[in-house]
Amino acid sequence: MRRFLCSVLLLPLLAVPSASQDKKKREPDPLMAAKLKESQTLLEGLTLNDFAKVRKGAEELLRISKQAQFRKALNTPGYELYANNFQRAAETVIEKAGAKNIDGATLACVDMTITCVRCHQHTREEGLGKLAPTLGAGDGTGR
Ligand code: HEC
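Residues numbered from 1 in each chain as written. Predicted model: local features only at pLDDT ≥ 70, side-chain atom pairs only at ≥ 80, totals over all residues. Heavy atoms only, no water.

1. Concerning the coordination of the iron atom of the ligand
Six octahedrally arranged donors around a metal ideally form angles of 90 or 180 degrees; four tetrahedrally arranged donors ideally form angles of 109.5 degrees.
Thought 1: At this site the iron atom of the ligand is bound by Lys35 (NZ) and His120 (NE2), with donor distances of 1.8 to 2.1 Å.
Thought 2: What the 6 donor atoms of the iron atom of the ligand show is an angle range of 80 to 180 degrees at the metal, which sorts the shape as octahedral. Placement of the pair is Lys35 in helix 2 (residues 30-48) and His120 in helix 5 (residues 102-126), with a sequence separation of 85 residues.
Thought 3: Note on Lys35: relative accessible area 27%, which makes it partly exposed. (Donors = N, O, S within 2.8 Å, 3.2 Å for Na, K, Ca; no water. Tetrahedral: all angles 85-135°; square planar, octahedral: opposite > 155°, others 65-115°. Helix = DSSP H or I, 4+ residues; strand = E, 2+ residues; numbered from the N terminus. Buried < 20%, exposed > 50% of the residue type's maximum accessible area, 1.4 Å probe, protein only.)

Have a look at this one:
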């Protein structure tokens, strides 16, 4: 049951980038697109009970997040907080995958996914980063 929660949570998240790309054509940031790809690897691993895949996806996400944080996509205390929460959740996924604990890894993945959505909401609220200009005023934070 829990493993399906993650896919349910990922769906609205995936809708954000595609919706924004429809409104304004621009090249997606490769680092950000990689987040999406590795989230899928992670989800695939969870649903197949493949711990090596879970671990690989989470390790890549951790690496990407650290790179993005270093680059300071957004320079706000909120961004730092979400980035840290995200990294802690990714580390928990890795730890639980190492312990072959599928429920623990799934829960940590849900935690991580919530942080994806929260940080994107924060990004829109701040009106900063490249996410903001592509979204109309009406569909910013309320979803
Ligand atoms: C700590 C904050 C934060 C977290 C956590 C986060 N993101 Fe992002 N994300 C951003 C910011 C800021 C941007 C816009 C950056 C830019 O355009 O340079 C972005 C952009 C993106 C984009 C590109 C959108 C576009 O239209 O170009 C995708 C896709 C994306 N994120 C997916 C994810 C996924 C999937 C997760 C979770 C696994 C995630 N993000 C977690 C901050 C975050």
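2. Re the nonpolar core
Thought 1: Leu42, Leu46, Val54, Leu61, Phe86, Val93 and Met112 are the most contacted members of the largest nonpolar core, which has 19 residues in total.
Thought 2: Of all the secondary structure elements, the ones that give two or more residues to this core are helix 2, helix 3 (51-71), helix 4 (77-98) and helix 5.
Thought 3: Counting residues in each nonpolar core, the second largest holds 7 residues, with Ile64, Ala68, Ala83 and Cys119 among its members. (Core = buried A, V, L, I, M, F, W, Y, C linked by side-chain atoms within 4.5 Å.)

3. Quick look at the pattern of salt bridges
Thought 1: Following the criterion strictly, the structure yields 4 salt bridges and no others.
Thought 2: Close ionic contact of Lys37 with Glu38 constitutes a salt bridge, the shortest N to O distance being 3.4 Å.
Thought 3: Among the salt bridges present, the one from Lys53 reaches Glu44, with a minimum N-O distance of 3.1 Å.
Thought 4: The class for Glu44 is partly exposed, based on a relative accessible area of 36%. (Salt bridge = Lys/Arg side-chain N within 4 Å of Asp/Glu carboxyl O.)

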